[in-house]
Amino acid sequence: MTREEMEQVIYRMYEAFNSRDINSVDDIFTQDFYSHPLQAGLEAVKKTWVSMFERFPDIRVVVEDLLVEGEKAASRTSIRGITAADAEKQPMILELIRVESQRIAEVWGLTNLGEVVGSKRKD
């Protein structure tokens, strides 16, 4: 997979989030996808996205940096549309994303949003 193809896969995930396209989750992620922050798979991603859209109707992700190396990518994104009452700082997420067969297979992530994003863990 080329660097450009990897970037397209990653940007597709963020575009799906920003356009509220829950149906594309099944096409973007592998069937056995695992989110380390959520400690779960595809259904948890869908539920988390829907929960975020309901709580923050104007939420969107802006990719600030994207680094690709082999089958992994690292992204730094800022999150817009979250009120100051819910986030004391500029909301952001750092993610390490593993791609397999042109789909996202695994995600590790850190955020300064705490429970706002619905993570089960408090890392």
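This write-up is about the structure you can find in this document. (Residues numbered from 1 in each chain as written. Predicted model: local features only at pLDDT ≥ 70, side-chain atom pairs only at ≥ 80, totals over all residues. Heavy atoms only, no water.)

Moving on, we come to the pattern of salt bridges. Enumeration according to the criterion identifies seven salt bridges in this entry. Between aspartate 65 and arginine 76 there is a salt bridge, and its shortest N-O distance comes to 2.7 Å. With aspartate 65 in strand β2 (residues 60–69) and arginine 76 in strand β3 (residues 72–80), this residue pair connects regions lying 11 residues apart in the sequence. A relative accessible area of 36% means that aspartate 65 is categorised as partly exposed. Each of Asp26, Glu43 and Lys46 takes part in one network of salt bridges that share partners. (Salt bridge = Lys/Arg side-chain N within 4 Å of Asp/Glu carboxyl O. Helix = DSSP H or I, 4+ residues; strand = E, 2+ residues; numbered from the N terminus. Buried < 20%, exposed > 50% of the residue type's maximum accessible area, 1.4 Å probe, protein only.)

To continue, consider the side chain of arginine 98. Mapped onto the elements of the fold, arginine 98 is located in strand β4 (residues 92–100). Reaching out from arginine 98, the side chain makes a polar contact with the side chain of glutamate 106 at a distance of 2.8 Å. Leaving out residues up to four positions away in the same chain, arginine 98 has contacts with Glu71, Lys72, Arg103, Ile104, Ala105, Glu106 and Trp108. (Polar contact = N/O pair within 3.5 Å; in protein donor to acceptor, adjacent residues only side chain to side chain. Contact = heavy atoms within 4.5 Å.)

Strand order in this open sheet of five strands is β1-β5-β4-β3-β2, and the pairing throughout is mixed. Of all the strands in the sheet, just β1 (29–35) and β2 have a single pairing partner and so form its edges. Taking the axes of each pair of neighbouring strands and ignoring which way they run, one obtains an average angle of 25° across the sheet. Looking at chain direction, β3 and β4 are connected through seven bridges and run antiparallel. Bridging across to β4, serine 75 finds its partner in glutamate 95. Of the strands in this sheet, β1, β2, β3, β4 and β5 (103–111) are in contact with helix α1 (residues 3–18), which crosses β2 at around 165°. (Pairing = 2+ DSSP bridges. Axes fitted to C-alpha atoms, helices over the stretch in contact; angles between N-to-C directions.)

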